[in-house]
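Topology and contacts: notes
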Amino acid sequence: DAYGQPYDWSPRDFEMGAHLGRGKFGRVYLARERHSHYLVAMKVMFKEELRKGCVQRQVLREIEIQSRLKHPHILRLLTWFHDESRIYLALEIASEGELFKHLRGAPNHRFDEPRSAKYTYQVANALNYCHLNNVIHRDLKPENILLTSTDDLKLADFGWSAHTPNNKRRTLCGTLDYLPPEMVDGNSYDDSVDQWCLGILCYEFVVGCPPFESNSTESTYSKIRRMEISYPSHLSKGCKELIGGLLRKESKGRITLVDVMTHYWVKAGMAERE
Ligand SMILES: Cn1ncc2ncnc(NCCc3cnc(NC(=O)Nc4cccc(C(F)(F)F)c4)s3)c21
C-alpha cells in the first residue's frame, strides 16, 4: 500500500473469472484484482483436501521457495492468502496454458528440432537459476510447464521442489516416466536429477513420447534401470548427442545445465528460430 507495508490480500480483492485448468489439488481460475484490474491465475485449494493428501507442508514449502524465485522462465507466485476453508495462490498468467496441450496437439505429437532446442534452452536456464538458489524442481514434465503468448516457457508447480541436498524419498505419484535411476532405486540424489528430467523432456519434445514409456510400472522401472532408449531415425546427430549427455545413469556423468545452454544443437536451433 502507499506506506510500503505489505498489504494483506484477501479473496474479496479479486473477481473470479473463467476456469483455466485443474490440478490434483484444486482448480485454477482467471482472476482480476478489483482496483488495478490486474489479471492473475488464481489456484484455489481446499485445506481439507490438502490435509487428506498430507501435502500441506509441501504447499507451504512451495510458497516459501517460489516467492523467492524471480526468473523470466519461472512462473511468478505473486502472493498467497487463505480463508477458513481454502488456500489461494495468485500466480502470473501464462496465457497459452500447459505446454502438454500444445505438444499433444502438434503434428505427430512432437515439436520440430529448432522449437525443441529453444524450449530446452529456456528450461535449462530456469533450472540453472534454481540450482544456484539451492532448489531442485524434481517434478519437471510437460504438464508443469506453461507457455506464454510470446511462445516462451514458464516452469511452474514447485509443489515437489526441495532444497538441495536432499535424499528424502518422495512418495511416487503422477508419471513415473521422468524418474531418474537413483530415485527408482531409492538412493540419495542431488540436483542432477533435474538434468535427467530435462533429458526426458527434450526427448519427449522431439519424439512425442517419453523414452521409457510402457503400460506397467514394473516395465517402466526396468527400462529406466536398463537405460533402454531408442532414437527414431529422424533425429539429428546433435539432438541425440544432447539427450545422450543428459540421460546418463551415473548422475555425475550427466552434462551440466550450462553445457546444455552452450550445446551446438541448442544454439543452432535457437539461431534458426530468431
Ligand atoms: C492452467 N493455466 N492456464 C494459464 C495459466 N497461467 C498460470 N497458471 C496456470 N495454472 C497454474 C499452474 C500452477 C503453478 N503453480 C502451481 N502450484 C501448485 O499447484 N502447487 C500445489 C498445489 C497443491 C498441492 C501441491 C503439492 F504440495 F502437492 F505438491 C502443490 S499450479 C495456468
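Residues numbered from 1 in each chain as written. Predicted model: local features only at pLDDT ≥ 70, side-chain atom pairs only at ≥ 80, totals over all residues. Heavy atoms only, no water.

1. What to know about the site of the ligand
- Around the ligand, 23 residues are found, and the nearest of them are Lys43, Met45, Gln58, Glu62 and Ala94.
- Within the side chain of Lys43, a nitrogen or oxygen atom sits 2.8 Å from an oxygen atom of the ligand.
- The side chain of Glu62 places a nitrogen or oxygen atom 2.5 Å from a nitrogen atom of the ligand.
- In isolation the ligand has 670 Å² of accessible area, and contact with the protein removes 93% of it.
- Listed by contribution, the elements that provide at least two residues to the shell around the ligand are strand S3 (39-46), helix H2 (56-66) and strand S5 (86-91).
- Tallied by class, the residues present in the shell around the ligand amount to 16 nonpolar, three polar and four charged. (Near = heavy atom within 4 Å. Polar contact = N/O pair within 3.5 Å; in protein donor to acceptor, adjacent residues only side chain to side chain. Areas by Shrake-Rupley, 256 points an atom, 1.4 Å probe, with all protein chains shown as cover. Helix = DSSP H or I, 4+ residues; strand = E, 2+ residues; numbered from the N terminus. Nonpolar A, V, L, I, M, F, W, Y, C, P; charged D, E, K, R; others polar.)

2. Focus: the packing of helix H8 (residues 237-246) against helix H10 (residues 264-273)
- For the pair H8 and H10, interaxial distance at closest approach is 8 Å and the crossing angle is 130°. What the angle tells us is that H8 and H10 run oblique. Residue-level inspection shows Lys237, Gly238, Cys239, Glu241 and Leu242 of H8 in contact with H10, the latter providing Tyr264, Trp265 and Val266.
- A per-class count over the contact of H8 with H10 returns five nonpolar, one polar and two charged. (Axes fitted to C-alpha atoms, helices over the stretch in contact; angles between N-to-C directions. Parallel < 35°, antiparallel > 145°, perpendicular 65-115°, else oblique. Contact = heavy atoms within 4.5 Å.)

3. A few points about unusual backbone geometry
- Even without being glycine, Asn134 reaches a positive phi, approximately 55°.
- Relative to the assigned elements, Asn134 resides in the loop between helix H4 (113-132) and strand S6 (135-136).
- Residue Asp151 is not a glycine yet carries a positive backbone phi of 60°.
- With respect to the helices, strands and loops of the structure, Asp151 is situated in the loop between strand S7 (145-147) and strand S8 (153-155).

4. Let's talk about the packing of aromatic side chains
- Under the definition given, this model contains nine aromatic pairs.
- A centroid spacing of 4.8 Å and a plane angle of 80° characterise the contact between Tyr7 and Trp9, whose relative ring orientation is edge-to-face.
- On the accessibility criterion, Tyr7 (41% relative accessible area) is partly exposed.
- By relative accessible area, which is 31% here, Trp9 ends up partly exposed.
- Clustering of aromatic rings is evident, with ring pairs tying together Tyr7, Trp9, Phe14, Phe81 and Tyr88. (Phe/Tyr/Trp six-rings, centres within 6.5 Å; stacked < 30°, edge-to-face > 60°. Buried < 20%, exposed > 50% of the residue type's maximum accessible area, 1.4 Å probe, protein only.)

5. Thoughts on the environment of Ala18
- Relative to the assigned elements, Ala18 resides in strand S1 (residues 14-22).
- Given the relative accessible area of 44%, Ala18 is considered partly exposed.
- Along the sequence, Ala18 and Leu30 sit 12 residues apart, while their C-alpha atoms lie 5.3 Å from each other.

6. Some points on the pairing of strand S2 (residues 27-33)
- One ladder, built from six bridges, connects S1 with S2; its direction is antiparallel. Paired with Met16 across the bridge in S2 is Ala31.
- Where S1 hands over to S2, the hairpin turn is made up of four residues, of which Gly26 adopts a positive phi near 100°.
- When S2 meets S3, the two strands line up antiparallel, connected through six bridges. If you follow Val28 over to S3, its bridge partner there is Lys43.
- Counted along the chain from S2 to the antiparallel partner S3, the turn is five residues long, and its residue His37 has a positive phi close to 60°. (Pairing = 2+ DSSP bridges.)

7. What to know about the sheet that holds strand S4 (residues 77-82)
- Pairing is antiparallel in the open sheet, where five strands are placed in the order S1-S2-S3-S5-S4. Two strands lie at the open edges of the sheet, namely S1 and S4, each paired on one side alone. When the angles between neighbouring strand axes are averaged without regard to direction, this sheet yields 30°.
- The sheet contact formed by S3 and S5 spans six bridges and is antiparallel. In the strand pairing of S5, Met42 is matched with Ala90.
- Running at roughly 145° to S4, H2 makes contact with S3, S4 and S5 of the sheet.

8. What to know about the pattern of salt bridges
- A full pass over the atoms with the stated rule returns 16 salt bridges.
- Two residues, Asp151 and Lys118, come together in a salt bridge whose shortest N-O distance is 3.3 Å. One end of the pair, Asp151, is in the loop between S7 and S8; the other, Lys118, is in helix H4, with 33 residues separating them in the sequence.
- When the shortest N-O distance is used, the salt bridge between Asp185 and Arg225 registers 2.6 Å. You can see Asp185 sitting in the loop between helix H5 (181-184) and helix H6 (192-207) and its partner Arg225 sitting in helix H7 (residues 217-226), a full 40 residues away along the chain. (Salt bridge = Lys/Arg side-chain N within 4 Å of Asp/Glu carboxyl O.)

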